[in-house]
Amino acid sequence: VQTCALPISFGTSRVMHPTTEAVNQIVMEDSNETRIALSGITAGALGVNGGTETQILNVTAAVISSSIPGLIGNLAVDYQSQNPSGTLRFTPASNMFGTATIRVTVEDAGINGTLVDAGPTDNATFPRDITITVNNIADLPTLDQPANVV
């Protein structure tokens, strides 16, 4: 398991979104599961004088572009609502290299307190895009055992 200590900060708010740097990640081809720490997950600022909203939150991730289809596999987010942190997990596909963009989105439950709205939603969302570069490694050459030569 490859773990990255670089935080990715989030927040949702109708008033102001936080400004944080996107984190690009480099992993090696054929590596095991990679974990990226997600931090600063909040429902957003309650007002300009401080405090934060308290709402049900959902964090999701999706590959939105990839130089090679299937480059990123086993994509998952470990997150429990209202925690300020979570973990993004993925595994690069075997024997593939290239780049992919993963969009991690924080969604709040809005004023009505539900993530699933029957009509127009009052939920707010905040996306963060992460570019994953899977670097090529030099695989060892192989040679089958030659057939018996008569």
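Residues numbered from 1 in each chain as written. Predicted model: local features only at pLDDT ≥ 70, side-chain atom pairs only at ≥ 80, totals over all residues. Heavy atoms only, no water.

S.K.: Help me understand the overall build of the protein, please; the structure alone is not making it clear to me.
M.R.: Scanning the protein from terminus to terminus reveals 0 helices and 8 strands. When the 150 residues of the protein are sorted by exposure, 33% land in the buried category. Roughly 8900 Å² of accessible area belongs to the protein as shown, and the carbon and sulfur atoms make up 55% of that amount. (Helix = DSSP H or I, 4+ residues; strand = E, 2+ residues; numbered from the N terminus. Buried < 20%, exposed > 50% of the residue type's maximum accessible area, 1.4 Å probe, protein only. Areas by Shrake-Rupley, 256 points an atom, 1.4 Å probe, with all protein chains shown as cover.)

S.K.: Any chance you could explain the nonpolar core here in plain terms?
M.R.: A general feature of soluble globular proteins is that nonpolar side chains tend to end up buried together. Counting 19 residues, the largest nonpolar core has Ile72 and Ile132 as its most contacted members. Put simply, the parts of the chain that give this core at least two residues each are strand 3 (34-39), strand 4 (57-66), strand 6 (85-92), strand 7 (98-108) and strand 8 (125-135). It is strand 7 that contributes the most residues to this core, 4 residues altogether. Beyond its immediate sequence surroundings of up to four residues, Ile132 is in contact with Gln25, Val27, Ile36, Ile72, Phe90, Gly98, Thr99, Ala100 and Ile102. (Core = buried A, V, L, I, M, F, W, Y, C linked by side-chain atoms within 4.5 Å. Contact = heavy atoms within 4.5 Å.)

S.K.: For this particular structure, what's the right way to read the sheet that holds strand 4?
M.R.: Strands in a sheet are paired, the pairing made by backbone hydrogen bonds, and the direction either parallel or antiparallel. Strand order across the open sheet formed by 4 strands is 2-8-7-4, with mixed pairing between neighbours. Pairing within the sheet leaves two strands with one partner each, and these edge strands are strand 2 (25-28) and strand 4. Pairwise comparison of adjacent strand axes, ignoring direction, gives a mean angle of 25° for this sheet. Strand direction decides the pairing type here: strand 7 and strand 8, joined by 10 bridges, are antiparallel. Note on strand 8: the bridge partner recorded for Arg103 is Asp129. (Pairing = 2+ DSSP bridges. Axes fitted to C-alpha atoms, helices over the stretch in contact; angles between N-to-C directions.)

S.K.: Which parts of the structure should I look at to understand the environment of Ala138?
M.R.: With respect to the secondary-structure elements, Ala138 resides in the segment after strand 8. Residues Ala138 and Glu29, 109 residues apart in the sequence, show an inter-C-alpha distance of 9.4 Å.

S.K.: Help me out: how do you make sense of the pattern of salt bridges in this one?
M.R.: Opposite charge on two side chains makes pairing possible when the charged atoms of those side chains draw close. This structure, assessed with the given rule, holds 4 salt bridges. Two residues, Glu33 and Arg35, come together in a salt bridge whose shortest N-O distance is 2.9 Å. Glu33 sits in the buried class, given a relative accessible area of 17%. In this structure, the salt-bridge partner of Arg103 is Asp129, at a minimum N-O distance of 2.6 Å. Of the two residues, Arg103 sits in strand 7 while Asp129 sits in strand 8, which places them 26 residues apart along the sequence. We classify Asp129 as partly exposed; its relative accessible area is 29%. Residues participating in the shared-partner salt-bridge network are Glu33, Arg35, Asp78 and Arg89. (Salt bridge = Lys/Arg side-chain N within 4 Å of Asp/Glu carboxyl O.)

So yeah, pure geometry; function would need other evidence.
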